[in-house]
Amino acid sequence: MQETKRTKTLFLIRWGILLVSILFLVIGIAKQEYLEVLQKAVKICLECIGIG
């Protein structure tokens, strides 16, 4: 009985974390945050090779 309750709780926690993660991904894509991340990545790469 106790093991079933623990298993169900872990199942719900895992799905909750997954859903929140997907929600944050969708919000970031909707706000076009990936463009800012890409821009920063390009700047870092250019600095590494000595161009920027």
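Residues numbered from 1 in each chain as written. Predicted model: local features only at pLDDT ≥ 70, side-chain atom pairs only at ≥ 80, totals over all residues. Heavy atoms only, no water.

Visitor: What should I look at first to understand the overall build of the protein chain in this one?
Guide: The number of helices and strands found in the protein chain is 2 helices and 0 strands. Relative to its length of 52 residues, the protein chain is extended, with a C-alpha radius of gyration of 20 Å against a globular reference of 10 Å. When the backbone C-alpha atoms are referred to their principal axes, the protein chain occupies close to 65 × 25 × 5 Å. The burial tally for the protein chain puts 2% of its 52 residues in the buried class. Of the roughly 5,200 Å² of accessible surface on the protein chain, 71% is carried by carbon and sulfur atoms. (Helix = DSSP H or I, 4+ residues; strand = E, 2+ residues; numbered from the N terminus. Rg over C-alpha atoms; globule rule 2.2 N^0.38 Å. Buried < 20%, exposed > 50% of the residue type's maximum accessible area, 1.4 Å probe, protein only. Areas by Shrake-Rupley, 256 points an atom, 1.4 Å probe, with all protein chains shown as cover.)

Visitor: Would you mind showing me how to read a nonpolar patch on the surface here?
Guide: Residues Phe11, Leu12, Trp15, Leu18, Leu19, Ile22 and Val26 make up a contiguous nonpolar surface patch of roughly 700 Å² in combined accessible area. Inspection of the secondary structure assignment puts leucine 19 in helix α1 (residues 2–30). (Patch = residues over 30% accessible without salt bridge, like charges linked within 9 Å, V, L, I, M, F, W, Y side chains within 5 Å. Salt bridge = Lys/Arg side-chain N within 4 Å of Asp/Glu carboxyl O.)

Visitor: Just checking my understanding: could you explain the pattern of salt bridges for this structure?
Guide: Across all of its chains, the model carries 1 salt bridge by this definition. A salt bridge links lysine 40 to glutamate 36, with the nearest nitrogen and oxygen atoms 3.4 Å apart. Here lysine 40 pairs with glutamate 36, and both are found in helix α2 (residues 33–48), just 4 residues apart, close to one helical turn. Here glutamate 36 falls in the partly exposed class, since its relative accessible area comes to 38%.

Visitor: Help me out: how do you make sense of unusual backbone geometry in this one?
Guide: For residues other than glycine, phi is negative in most cases, and the peptide bonds are mostly trans. Positive phi values are uncommon outside glycine, yet glutamine 32 reaches one of about 55°. Topologically, glutamine 32 is positioned in the loop between α1 and α2.

Visitor: Help me out: how do you make sense of α1 in this one?
Guide: For an α-helix, 3.6 residues make a turn, and residues three or four places apart therefore share a direction. Here α1 contains 29 residues, and its C-alpha end-to-end distance of 42 Å stays within 8% of the 42 Å for a straight helix at 1.5 Å per residue. Positioned one or two residues after α1, glutamine 32 has a phi angle of 55°, which is positive. (Expected span 1.5 Å × (residues − 1).)

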